[in-house]
Amino acid sequence: MSDVQLVWFKRDLRVSDHLPLSSAVKCGVVLPLYIVEPELWNQPDTSARQWDFCSDCLVELQANLALLGQSLIIRIGDPILILTELHNQFRFSNIWSHEETGNRFTYNRDLKVKKWCLQNLVFWNETPTAGIVRGLKNRSKWAQQWTERMRPQPMSIPSKLTPLTSLASVPALISEALPSSTELNMRLDSCPDRQIGGSSQASGILSSFLKGRVKLYSRGISSPNTAFEACSRLSAHLAFGSISLREVVHASNLQGGTRMFSERLHWHCHFIQKLESQPSLEYENAHRAFDQLRDSNQLFLDAWINGLTGWPFVDACMRALRYTGWLNFRMRAMLMAVASYHLWLPWRDSGLALARLFVDYEPGIHWNQCQMQAGTTGINSIRIYNPIKQGLDHDPHGIFIRKWCHELTNVPLAYLHTPWNMSILEQAACGCILGEHYPQPLVDYQVAAKIARDKIWNVRNSNNFHIEAKQVFVKHGSRRSQVSRARPKSKESPGQLCFNLFT
């Protein structure tokens, strides 16, 4: 049975452009495996909406592999125990998988698996994911490496998998049923308008984007009124790997994707590379001078999470995110900035809350953007979004606010973005009493912004700040001129604003 090749699917839930699968097929009988890890799905950055999307992807992956000759084997539990059980049965000498840049749990899990492989004389063949470079020592030529990774045509689907039953004296290997989020002891998580997972969904979304919606992209991605249609909506599929980045790059080049969209394909990997190179960015400030700067405030955090800050546009964005599992990049940045500056919350606290709400949660992009918006990288501009101006700019007629903040339905447009300016009589006339039907603002946003700005710049102007900032830049800073000579005409910087660069 030495020719059994175990292919471990992780965040690469597809059969197309899948190097581990294609490589394993050439070496013997493939045992395709997905391990449902209850401990992983009970980490503070995971949620039932993410698991439900992942389950969609797994159902389709299992069916697609079955069509090739060998269905996906699903096991629930600890990877070490499951690998040991399968190794005792099949005596495989190779594991094939993509490299994973995940959260702290998956990082530590992979260290345990590496140790198990050494102890059991199993070779773990890990192949790169997209443009992420493991063991990267210098960022100087990273952009060229990304281009080289993306240049080859996407790999085709293997024509056939030899079933495990073809092996002599091997009983049929039965897959466990996918558990529900309840069975995984996950908290209740209503997300009525969640995207559906799976490779066929990803292909359809990519096609609809490049054949039509891409025309709306450059002008429509900033306002939440247009972004749900104008953005590609591939972010969750890329996060779970139901489509590969290279497939998107080639389709975009072939079918006329915009330069702005193409640049965001680069930036997607740029941010994940940071976490790959420094896993501590998930939970430690990039620049340590910002340690202990902010204070936890559960009252403010709860109000912000539930869309009850008293700032209508902010609350509308949060409520839309809770309902759909998605929000466009500028609004994500605004939510994070409001939490970090106006409410002075630690980025780890607000970041965990957002991570659970994003169906497209990608740790590398998410945590680096949390730090950028919170101003703790030491190398990026300080962006303190004015929550009222953002609403006036991107929802001037209050369409988005009225859709998500029903308490404000009858508030006149003149007061819709600043309802606290209404008199008591005006509040009564429109049926919205502040403090009863809709909250008063948690703080004075202008005063809070000034205090936050002073505190941040006090740190940035401190002695020796620039020394560590230079070290951060050398390790993580972009070499933008190497990415593309053609700059998008948009005034918005994708490096500063994008949470998931395929939103």
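Higher on the page you've got the structure.
Residues numbered from 1 in each chain as written. Predicted model: local features only at pLDDT ≥ 70, side-chain atom pairs only at ≥ 80, totals over all residues. Heavy atoms only, no water.

(A) Region of interest: the overall build of the protein. Across its full length, the protein holds 24 helices and five strands. What you see for the protein is a C-alpha radius of gyration of 24 Å, in line with the 23 Å of a compact globule of 503 residues. For the protein, the C-alpha atoms occupy an extent of roughly 85 × 50 × 45 Å along the three principal directions. The buried share of the protein, taken over its 503 residues, is 58%. Here the contacts in the protein between residues at least 6 apart in sequence split such that 79% fall between residues at least 24 apart. As displayed, the protein offers around 21,000 Å² of accessible surface, 53% of which is attributable to carbon and sulfur atoms. Distance from the positive charge centre (54 side chains) to the negative charge centre (42 side chains) of the protein: 9 Å. (Helix = DSSP H or I, 4+ residues; strand = E, 2+ residues; numbered from the N terminus. Rg over C-alpha atoms; globule rule 2.2 N^0.38 Å. Buried < 20%, exposed > 50% of the residue type's maximum accessible area, 1.4 Å probe, protein only. Contact = heavy atoms within 4.5 Å. Areas by Shrake-Rupley, 256 points an atom, 1.4 Å probe, with all protein chains shown as cover. Lys, Arg positive; Asp, Glu negative; His and termini not counted. Charge placed at Lys NZ, Arg CZ, Asp CG, Glu CD.)

(B) Spatial organisation of empty space enclosed by the protein. Across all of its chains, the model carries five cavities of 30 Å³ or more by this definition. There is about 240 Å³ of room inside the largest cavity. Contributing to the lining of the largest cavity are 21 residues, with R11, L40, W41, E100 and T106 lying nearest its centre. At the level of elements, β1 (4-9), β2 (29-36), α2 (48-68) and α4 (104-119) are the ones that each hand at least two residues to the lining of the largest cavity. (1 Å grid on protein atoms, 1.4 Å probe; cavity = no way out; pocket = protein on both sides within 12 Å on 5 of 7 lines; lining within 4 Å. Points joined across faces, edges and corners; volume = space filled by probe spheres on them.)

(C) Here's a closer look at helix α17 (residues 387-394). Taken together, the buried positions of α17 are P387, I388, Q390, G391 and H394. Buried positions in α17, seen along its axis, are confined to an arc of 160° and lie on one side of it. Residues of α17 that are buried make contact with α8 (224-230), α13 (312-324), α14 (329-342) and α21 (445-460). Capping the start of α17, N386 holds a side-chain oxygen 2.9 Å from the backbone nitrogen of I388, two or three residues further along. (Arc of directions from axis to C-beta. Polar contact = N/O pair within 3.5 Å; in protein donor to acceptor, adjacent residues only side chain to side chain.)

(D) The arrangement of the pairing of strand β4 (residues 94-98) in detail. Across the five residues that make up β4, a large majority, five, are buried. Side-chain alternation along β4 places N94, W96 and H98 on one buried face and I95 and S97 on a second face that is also buried.

(E) Layout of the packing of α14 against α17. Look at α14 against α17: their axes get within 11 Å of each other, and the N-to-C directions meet at 165°. By the angle between their directions, the pair α14 and α17 is classed as roughly antiparallel. Read as a crossing pair, α14 and α17 show a hand that is left-handed. Counted together, R330, M331, M334, V338 and H342 of α14 and P387, Q390 and H394 of α17 form the full contact between these two elements. Partitioning the contact of α14 with α17 into residue classes produces four nonpolar, three polar and one charged. (Axes fitted to C-alpha atoms, helices over the stretch in contact; angles between N-to-C directions. Parallel < 35°, antiparallel > 145°, perpendicular 65-115°, else oblique. Left-handed = near helix turned anticlockwise from the far one by under 90°. Nonpolar A, V, L, I, M, F, W, Y, C, P; charged D, E, K, R; others polar.)

(F) Region of the structure containing the packing of aromatic side chains. Within the structure shown, the criterion is met by 14 aromatic pairs. With centroids separated by 5.6 Å and ring planes inclined at 75°, the aromatic side chains of F209 and Y217 adopt a geometry described as edge-to-face. Of the residues examined, F209 reaches a relative accessible area of 0% and is grouped as buried. Residue Y217 is classed as buried on the basis of its relative accessible area, which comes to 2%. Clustering of aromatic rings is evident, with ring pairs tying together F313, Y323, F400 and W404. Lying across the ring of F358, R332 places its NZ or CZ 4.1 Å from the centre. Positioned above the aromatic ring of W367 is the side chain of R348, whose terminal nitrogen or guanidinium carbon lies 4.8 Å from the ring centre. (Phe/Tyr/Trp six-rings, centres within 6.5 Å; stacked < 30°, edge-to-face > 60°. Lys NZ or Arg CZ within 6 Å of the ring centre and 35° of its normal.)

(G) Just unusual backbone geometry, in detail. Even without a glycine there, the phi angle at A130 is positive, about 50°. Position of A130 among the secondary structure elements: in the loop between β5 (123-127) and α5 (142-150). A positive phi is found at R233, a non-glycine position, where the angle reads about 65°. Structurally, the position occupied by R233 is in the loop between α8 and α9 (235-240).

(H) Fine view of the layout of surface pockets. The calculated volume of the largest pocket comes to roughly 610 Å³. Looking at the lining of the largest pocket, the elements with two or more residues in it are β4, α5, α9, α10 (245-255) and α11 (259-277). In terms of residues, the lining of the largest pocket owes the most to one element, α11, which gives four residues. Its residues placed into classes, the lining of the largest pocket shows 13 nonpolar, nine polar and 11 charged.

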